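Breakdown of the fold
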Amino acid sequence: MTADRIPALLEPIQNRLNAATPGPWHQGRDSNRWENSTEVYSEREVSATSRDICTSIARPEDAELIAAAPTDQARLLAAVQAVLAVADRWEEDFPHKAWQVRTALIRALEGETA
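This structure is a prediction, so every number in the text was calculated from the model and none was measured.

Quick look at the overall build of the chain now. Secondary structure assignment for the chain yields 3 helices and 3 strands. Overall, the chain shows an N-to-C arrangement of helices and strands of α-β-β-β-α-α. Relative to its full complement of 114 residues, the chain shows a buried share of 23%. In the chain, the share of contacts with a sequence separation of at least 24, taken over all contacts with a separation of at least 6, comes to 38%. Carbon together with sulfur atoms contributes 53% to the accessible area of the chain, which is approximately 7900 Å² in total.

To continue, consider the packing of helix H2 (residues 60–90) against helix H3 (residues 95–109). The N-to-C vectors of H2 and H3 enclose an angle of 160 degrees; their axes lie 8 Å apart at closest approach. In terms of orientation, H2 and H3 fall into the roughly antiparallel class. Our pair here, H2 against H3, has a crossing hand that is left-handed. Where H2 abuts H3, its residues Val80, Val83, Leu84, Ala87, Asp88 and Trp90 lie against Pro95, Lys97, Ala98, Val101, Arg102 and Leu105. In the contact of H2 with H3, the residues fall into 9 nonpolar, no polar and 3 charged.

What follows covers the side chain of Arg102. Residue position: Arg102 is located in helix H3. Given the relative accessible area of 5%, Arg102 is considered buried. Reaching out from Arg102, the side chain makes a polar contact with the side chain of Glu91 at a distance of 2.5 Å.

Attention now moves to the confidence of the model for the chain. With 78% of its residues at a pLDDT of 70 or more, the chain has an overall mean of 82. When mean pLDDT is taken per element in the chain, H3 scores highest with 94 and strand E3 (residues 53–56) scores lowest with 70.

The next subject is the environment of Arg107. Mapped onto the fold, Arg107 is located in helix H3. Residue Arg107 is classed as partly exposed on the basis of its relative accessible area of 45%. Sequence separation between Arg107 and Ile6 is 101 residues, and the spatial gap between their C-alpha atoms is 9.9 Å.

Rules used in this analysis
- Residues numbered from 1 in each chain as written.
- Predicted model: local features only at pLDDT ≥ 70, side-chain atom pairs only at ≥ 80, totals over all residues.
- Heavy atoms only, no water.
- Helix = DSSP H or I, 4+ residues; strand = E, 2+ residues; numbered from the N terminus.
- Buried < 20%, exposed > 50% of the residue type's maximum accessible area, 1.4 Å probe, protein only.
- Contact = heavy atoms within 4.5 Å.
- Areas by Shrake-Rupley, 256 points an atom, 1.4 Å probe, with all protein chains shown as cover.
- Axes fitted to C-alpha atoms, helices over the stretch in contact; angles between N-to-C directions.
- Parallel < 35°, antiparallel > 145°, perpendicular 65-115°, else oblique.
- Left-handed = near helix turned anticlockwise from the far one by under 90°.
- Nonpolar A, V, L, I, M, F, W, Y, C, P; charged D, E, K, R; others polar.
- Polar contact = N/O pair within 3.5 Å; in protein donor to acceptor, adjacent residues only side chain to side chain.
- pLDDT = per-residue confidence, 0-100.

Structure representation (structure tokens):
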């Protein structure tokens, strides 16, 4: 069934998010969002003297994307769950519409483009 495939597609995304170093993440040291900074930091405490983990990325735009990814990923997962909740409510009165929503989500999660 279509609905059964969605949790299996979302699970690895959620697992990667759960396994990552907790944030918040930011671009630039000490939350200073330096213009054109190529450094990405987490605010996780790693020692008594250091809270940041730094990775230097080649392009500032890539650093910004990487720093925002955990927050963006969590928000997108929540949005997908919200859409699924709407499809569940439609199931009885509008089963075809619910199927269309689930099918569109599956296609997107599997990497199909419109």
